[in-house]
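Here's the letter readout for the chains.
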Amino acid sequence: MKAIVYDTYGSPDVLQVREIATPVPGDKDVLVRVHATSVNYGDLAGRNFAAVTPRAFNMPMLFWVMAKLYFGLGKPRNGILGSEFSGEVESVGKDVTAFRKGDRVFGYLGQKMGAYAELLSMPENGPIATMPTTMNFEQAAVAPYGAMMALHFLRKAQIRPGQKVLVNGASGGIGSAAVQIAKHFGAEVTGVCGAGRMDYVHALGADTVIDYKREDFTQRGEEYDLIVDIRGRLPYSQAKRELKKDGRILYVSFKTKHLLLMLRTALFGGPKVLCTLAPGSREDLLAVRDLIEQGQLKTVVAERFPMSGAADAHRLVEGGKKSGAVAITFA
Ligand SMILES: NC(=O)c1ccc[n+]([C@@H]2O[C@H](COP(=O)([O-])OP(=O)(O)OC[C@H]3O[C@@H](n4cnc5c(N)ncnc54)[C@H](OP(=O)(O)O)[C@@H]3O)[C@@H](O)[C@H]2O)c1
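As the structure is a prediction and not an experimental result, all values here were calculated from the model. (Residues numbered from 1 in each chain as written. Predicted model: local features only at pLDDT ≥ 70, side-chain atom pairs only at ≥ 80, totals over all residues. Heavy atoms only, no water.)

**Comments concerning the side chain of Glu84**
Counted only if it meets this: Secondary structure counts use DSSP, requiring at least four H or I residues in a row for a helix and at least two E residues in a row for a strand, with both numbered from the N terminus. Burial status follows relative accessibility: with a 1.4 Å probe on protein chains alone, a residue under 20% of its type maximum counts as buried, one over 50% as exposed, and anything between as partly exposed. Neither His nor the chain termini are counted; the positive set is Lys and Arg, and the negative set is Asp and Glu. Should a side-chain nitrogen of Lys or Arg be within 4 Å of a carboxyl oxygen of Asp or Glu, the pair is scored as a salt bridge. For the purposes of these results, a polar contact is taken to be a pair of N or O atoms within 3.5 Å, where, inside protein, one atom must be able to donate a hydrogen and its partner to accept one; residues adjacent in sequence count only when each atom of the pair is a side-chain atom. The contact criterion used is simple: two residues touch if any of their non-hydrogen atoms lie within 4.5 Å.
If you trace the backbone, Glu84 turns up in strand β4 (residues 84-92). Notably, Glu84 is buried but unbridged: the nearest opposite-charge side chain belongs to Lys322, and the N-O separation is 9.5 Å. A distance of 3.4 Å separates a polar atom in the side chain of Glu84 from a polar atom in the side chain of Asn40. With sequence-adjacent residues up to four places away left out, Glu84 is seen in contact with Ala36, Thr37, Ser38, Asn40, Gly107, Tyr108, Ala115, Ala141, Val142, Ala143, Pro144 and Tyr145.

Laid out in structure tokens, this is it:
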């Protein structure tokens, strides 16, 4: 089978299409013929992991060491990126009961990655499900990552109808889903993003959209019940001025300083800090599928590239000039 592989860390040019061995599914595994996958934050970081310093890594030092060992010290260990996919079941192991050949499926591989290949194998009880009936392969392929993460975070924050929620980083993979899911939960949503993506974030349902280059939202004098900070760059000292007395800030990025702040605010009071890891579970994927089929959640595919265009797809995402997701299509 063909796959988009990389043998060294570096620029998008390290991505090449090559023949590799076809995976052999185990008795409880599903072999999926991939139709589409995506380019997201994790793919960019994984492709150039040698350049990701402990400081740039959005998690504690121990996680950075673990990720370094996992991705490969001097060069990539697995060599195939891609954390989410859609496709058709090619075959199933003898003990698989939930899927059969020909099922249209979508799913999430997380940090394990491997969706940049014509075929992938994963356990039937992993985050894989039949595709939303309302989506095509490209739309479904770009849904799992952002939506599963956003759903997990907003549930952790115990979001409630009528709350005022601000998403700082509303145009990215997680933020664009967070805007829609917060609206679904009945919140009034403010999205913060770059100038070129304001219309996009409005179209996702945000009530108010702020361009972070033109305006510092912390100077508005608004008070929020929940701030979701995607990249973890908003200082707590600033955020807490914008939060109601019992408001919360949820740092998606999971940095050590935010974990310590979470402990401090839990012990000594003040607007609470939340940090959590999203496991990317099958239950979350099924909930995402329900939201999509109910018309509560959509994905927008801004650009699509063939396998041979993977480097261009990465360049486009890295340049930050797209409103919506970038898909790589195989079929
Ligand atoms: N805790 C967990 O389990 C977990 C799991 C996965 C990922 N993560 C974390 O999630 C983050 C990646 O999220 P993602 O995939 O949604 O990223 P993304 O697609 O790269 O989106 C980043 C967002 O940040 C915005 N942004 C950039 N500069 C900004 C600024 N100065 N002020 C406000 N917004 C700004 C971007 O806006 P424009 O593009 O419009 O400029 C975009 O909306 C990383 O920190 C990663 O570590 C955490």
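**Observations regarding the environment of Val165**
By the element assignment, Val165 lies in strand β8 (residues 164-168). With a relative accessible area of 0%, Val165 lands in the buried category. C-alpha separation for the pair Val165 and Ile227, spaced 62 residues apart in sequence, amounts to 5.8 Å.

**What to know about the packing of helix α4 (residues 144-156) against helix α9 (residues 282-293)**
Our working definition: Only the contacting stretch of a helix is used when fitting its axis, a line to C-alpha atoms as for every element, and angles between N-to-C directions run 0 to 180 degrees. Note that the term roughly parallel is reserved for angles under 35 degrees, roughly antiparallel for angles over 145, roughly perpendicular for angles of 65 to 115, and oblique for everything else. Classes in brief: Ala, Val, Leu, Ile, Met, Phe, Trp, Tyr, Cys and Pro nonpolar; Asp, Glu, Lys and Arg charged; the others, Gly included, polar.
Interaxial distance between α4 and α9 falls to 9 Å at its minimum, and their mutual angle equals 100°. What the angle tells us is that α4 and α9 run roughly perpendicular. Facing Pro144, Ala147, Met148, Leu151, His152 and Arg155 of α4, the residues of α9 in contact are Asp284, Leu285, Ala287, Val288 and Leu291. The residue inventory of the contact of α4 with α9, partitioned by class, reads eight nonpolar, one polar and two charged.

**A short note on the environment of Phe71**
Here Phe71 is to be found in helix α2 (residues 61-71). C-alpha separation for the pair Phe71 and Lys112, spaced 41 residues apart in sequence, amounts to 9.0 Å. Phe71 has contacts with Tyr6, Tyr9, Gly46, Phe49, Pro76 and Arg77, leaving out every residue within four places of it along the chain.

**Considering the domain arrangement of the protein chain**
Many authors give the size of an interface as the accessible area that is lost as the parts come together. Operational definition: Delimitation of the domains relies on an automatic or database domain assignment. Buried area is calculated as the accessible area (1.4 Å probe) missing from two parts once they are joined, with the contributions of both summed.
Looking at the protein chain, the domain boundaries give domain 1 (2-143 + 299-329) and domain 2 (146-275). The straight-line distance from the C-alpha centre of domain 1 to that of domain 2 is 27 Å. Listed as interface residues are 15 residues of domain 1 and, on the opposing side, 13 residues of domain 2. A combined buried area of about 1,100 Å² lies between domain 1 and domain 2, and 56% of that area is made up of carbon and sulfur atoms. Taken together, domain 1 and domain 2 are joined by zero salt bridges. Across the contact surface, domain 1 and domain 2 share two residue pairs in polar contact (both at pLDDT 80 or more). The residue inventory of the side of domain 1 that touches domain 2, partitioned by class, reads nine nonpolar, four polar and two charged.

**Topic: unusual backbone geometry**
At Met113, a position not held by glycine, the phi torsion is positive, near 55°. Looking at the secondary structure, you find Met113 in the loop between β5 (104-108) and β6 (119-123). For Met113, a relative accessible area of 8% translates into the label buried. Of note, the phi angle at Gln158 is positive, near 50°, even though the residue is not glycine. Inspection of the secondary structure puts Gln158 in the loop between α4 and β8.

**A closer look at the site of the ligand**
Put simply, the rule reads: For this description, a residue counts as near a given molecule or strand if any of its non-hydrogen atoms is within 4 Å of it. To be clear on the numbers: accessible area is Shrake-Rupley with a 1.4 Å probe, and residue cover counts the displayed protein chains and nothing else.
The environment of the ligand is made up of 25 residues, and the closest members are Tyr145, Ser171, Arg197, Tyr212 and Arg231. The separation between an oxygen atom of the ligand and a polar main-chain atom of Gly172 is 3.0 Å. One of the backbone nitrogen or oxygen atoms of Ile230 is found 3.4 Å away from an oxygen atom of the ligand. In the complex, the protein chains occlude 82% of the 950 Å² of accessible area that the ligand would expose alone. The residue inventory of the shell around the ligand, partitioned by class, reads twelve nonpolar, ten polar and three charged.

**Some remarks on α2**
To be explicit about the condition: What the arc measures is the spread of directions leading from the helix axis to the C-beta atoms.
Among all positions of α2, only Trp64, Ala67, Lys68 and Phe71 are buried. Buried residues of α2, seen end-on, are gathered within an arc of 105° and therefore sit on one face of the element. Exposed and facing more than 90 degrees away from the buried side of α2 are Leu62 and Leu69. Structurally, α2 contributes buried residues whose contacts are with α1 (41-47).

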